[in-house]
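What follows is each chain in one-letter form.
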Amino acid sequence: MKSFFDPIFDRLEKQVVQCIERDSRSIGDRFQKATLYVLSKCFQSIVNVRAYFYDRGWKKSRKAILPVVCIGNITAGGTGKTPFVNLLIQDLKSLAKLAIISTGYKAQGVSKYDVITPLDQYGRLVQATYCGDEPYLLKKQHPDVHVFVSKNRFLALEIARKKELQIALLDDGFQMKSLKKDLSIILMSADNLFGYDYYLPRGYLRESPTRLKEAQFICITQVQGHCFDRLCEQLAPYTSAKIMGAQMVPRRIVGDRNWGLDQMKGKKLGVFCGLGNPQAYISSLEQLGAEIVATLVLNDHATPSLKQWELFSDQCQRKQAELLLCTAKDFYKIQDIKRELPISYLESELTIVHGQNHYRTLKQKILQLAKQKRMKT
């Protein structure tokens, strides 16, 4: 259940994001950015001190009994971690027994004391807001794969081991230095590789770019319209990892209305989303020829309040929108919401467009880890 402070934190988060993104030189914005800069320096110091303790061996990392493949990032939100996890599941689930480990960010039913799954005791999917939108979506798309949700990843890994699973895909967790990873894959957005070059909350960095040396693979997403070779040159001083490039490819419209992409041209849409990189999503719809008459952009993983939804829905009706469109993870969070207009989502999938050979190597390494686990047991 949401706490009294959640709406306050949501508003504060939105204001911080707007301040980071805004290119303004007004006195008010300068003061806000100066304040965020001081806070970011404090956060950077904490991150660096913590990393120093682990580098020196003063704090120890534990190795899980199950091989761990971490899909993480060095910036906050919008890099495409979960679509990449989805791609790996799709390609590997018939070849190895996978465990998907997630913290269920902003989920109501998650704690550090137990492990939940997106299923209830009768094997039915629970609400996405209870287990987390991303775990829910992964389980819905891959019902035959085990998905565990907990703030205590060691506890989730222990349960996965007891179920005799062979390998764990960790959705996020690069910053979890207490856990040794067998493989680390970093996702980065081509639109903003280094999160405006500032740590949170002045920018989006969660980790120093120098830590990219700990990754064996890097996948740059949203590469369409960017020079992939130039992006690789920007990363070269920090890493010798194998670098791939990917982009989200729209497939079709699914939900209350099922359309092909060719039906999008000229359609009046109301668009809402809770994403780390909403502009990339909105731009993809515009490229399909849709006319966006209203938008409701929320914080990453956020769910619209009743008041927000009513205002947005009224605005869309006044502007004669034919459909309300969102992402898949947003769609499943608002399935029971009152509808004045039909709601659908854009079904997309992550596609590797550069470095396909590196992606094949990654899959081989993961399967080798799974094979080693089989041999030990």
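As the structure is a prediction and not an experimental result, all values here were calculated from the model.

*Asks:* I would appreciate a short explanation of the overall build of the chain in the present structure.
*Replies:* Secondary structure assignment for the chain yields 11 helices and 13 strands. In terms of overall size, the chain behaves like a compact globule, its C-alpha atoms giving a radius of gyration of 21 Å where 377 residues would be expected to give roughly 21 Å. Each principal axis of the C-alpha distribution contributes one length, and for the chain these read about 65 × 55 × 45 Å. Considering only intrachain contacts with a sequence separation of at least 6, the fraction spanning at least 24 residues in the chain is 74%. Carbon and sulfur atoms provide 50% of the accessible area of the chain, an area that totals close to 19100 Å². Charged side chains of the chain number 56 positive and 37 negative; the gap between the two group centres comes to 7 Å.

*Asks:* What is the right way to read the environment of Ser284 from this model?
*Replies:* Within the secondary structure layout, Ser284 lies in helix H8 (residues 278–287). Given the relative accessible area of 17%, Ser284 is considered buried. Sequence separation of Ser284 and Thr239 is 45 residues, and the distance between their C-alpha atoms is 30 Å.

*Asks:* How do you make sense of the packing of aromatic side chains when you look at a structure like this?
*Replies:* The relative placement of two aromatic rings is captured by the distance of their centres and the angle of their planes. Within the structure shown, the criterion is met by 14 aromatic pairs. Each ring, one from Phe43 and one from Tyr199, has its centre 6.3 Å from the other, and the planes form 65°; the classification is edge-to-face. In this pair, Phe43 sits in helix H2 (residues 27–56) while Tyr199 sits in the loop between strand E7 (183–189) and strand E8 (217–221), placing the two residues 156 residues apart along the sequence. By relative accessible area, which is 28% here, Phe43 ends up partly exposed. Of the aromatic side chains, those joined through ring pairs into one cluster are Tyr136, Phe331, Tyr332 and Tyr345. Sitting over the face of the ring of Trp259, Lys267 holds its NZ or CZ atom 5.0 Å from the ring centroid.

*Asks:* Can you walk me through the packing of helix H3 (residues 81–92) against helix H5 (residues 133–141) in this structure?
*Replies:* Packed helix pairs are specified by the crossing angle of their axes together with the interaxial distance, meaning the distance between the axes. For the pair H3 and H5, interaxial distance at closest approach is 11 Å and the crossing angle is 25°. Taken together, the axis directions place H3 and H5 in an arrangement best described as roughly parallel. As for how H3 packs across H5, the hand of that crossing is right-handed. Where H3 abuts H5, its residues Thr82, Val85, Asn86 and Ile89 lie against Glu134, Leu138 and Gln141. Within the contact of H3 with H5, the residues separate by chemical class into 3 nonpolar, 3 polar and 1 charged.

*Asks:* Can you walk me through the pairing of strand E3 (residues 98–102) in this structure?
*Replies:* Note on strand geometry: in a regular strand, side chains alternate between the two faces of the sheet. The buried fraction of E3 is high, at 5 of 5 residues. Of the two faces of E3, the one lined by Leu98, Ile100 and Ser102 and the one lined by Ala99 and Ile101 are each fully buried. Examined bridge by bridge, E3 and strand E5 (residues 167–171) share 4 bridges and lie parallel to one another. Following the sheet pairing, Ala99 is matched in E5 by Ala168. Pairing of E3 with strand E4 (residues 146–149) involves 4 bridges; the strand directions are parallel. Bridge assignment links Ile101 to a residue of E4, and that residue is Phe148.

*Asks:* Help me understand the nonpolar core, please; the structure alone is not making it clear to me.
*Replies:* If you look at the biggest cluster of nonpolar residues, it comprises 60 residues, and the most contacted ones within it are Phe84 and Leu362. Element by element, the count of residues in this core is highest for H3, at 6 residues. Leaving out residues up to four positions away in the same chain, Phe84 has contacts with Ile71, Ile185, Leu187, Cys219, Met244, Leu350, Ile352, Tyr359 and Leu362. Core analysis: the second largest hydrophobic core is formed by 38 residues, Val68, Ala156, Leu212 and Ile243 among them.

*Asks:* Looking at this model, I keep getting lost on a nonpolar patch on the surface. Mind explaining?
*Replies:* Among the surface-exposed residues, Tyr37, Val38, Tyr196 and Tyr198 lie close enough to one another that they form a single nonpolar patch of about 350 Å² accessible area. In this fold, Tyr196 is placed in the loop between E7 and E8. A relative accessible area of 34% means that Tyr196 is categorised as partly exposed.

*Asks:* How should the side chain of Thr75 be read in this particular structure?
*Replies:* As for its placement among the helices and strands, Thr75 is situated in the loop between strand E2 (68–72) and H3. Exposure remark for Thr75: the relative accessible area of 4% places this residue in the buried category. Those residues in contact with Thr75, other than ones at most four positions away along the chain, are Leu193, Phe194, Gly195, Tyr204, Leu205 and Arg206.

*Asks:* Help me out: how do you make sense of the side chain of His142 in this one?
*Replies:* Relative to the helices and strands, His142 resides in the loop between H5 and E4. The exposure class assigned to His142 is buried, which follows from its relative accessible area of 4%. Only 2.6 Å separates the side chain of His142 from the side chain of Asn86, close enough to count as a polar contact. The contacts of His142, once residues within four sequence positions are left out, are Asn86, Ile89, Gln90 and Lys93.

What counts and how
Residues numbered from 1 in each chain as written. Predicted model: local features only at pLDDT ≥ 70, side-chain atom pairs only at ≥ 80, totals over all residues. Heavy atoms only, no water. Helix = DSSP H or I, 4+ residues; strand = E, 2+ residues; numbered from the N terminus. Rg over C-alpha atoms; globule rule 2.2 N^0.38 Å. Contact = heavy atoms within 4.5 Å. Areas by Shrake-Rupley, 256 points an atom, 1.4 Å probe, with all protein chains shown as cover. Lys, Arg positive; Asp, Glu negative; His and termini not counted. Charge placed at Lys NZ, Arg CZ, Asp CG, Glu CD. Buried < 20%, exposed > 50% of the residue type's maximum accessible area, 1.4 Å probe, protein only. Phe/Tyr/Trp six-rings, centres within 6.5 Å; stacked < 30°, edge-to-face > 60°. Lys NZ or Arg CZ within 6 Å of the ring centre and 35° of its normal. Axes fitted to C-alpha atoms, helices over the stretch in contact; angles between N-to-C directions. Parallel < 35°, antiparallel > 145°, perpendicular 65-115°, else oblique. Left-handed = near helix turned anticlockwise from the far one by under 90°. Nonpolar A, V, L, I, M, F, W, Y, C, P; charged D, E, K, R; others polar. Pairing = 2+ DSSP bridges. Core = buried A, V, L, I, M, F, W, Y, C linked by side-chain atoms within 4.5 Å. Patch = residues over 30% accessible without salt bridge, like charges linked within 9 Å, V, L, I, M, F, W, Y side chains within 5 Å. Salt bridge = Lys/Arg side-chain N within 4 Å of Asp/Glu carboxyl O. Polar contact = N/O pair within 3.5 Å; in protein donor to acceptor, adjacent residues only side chain to side chain.

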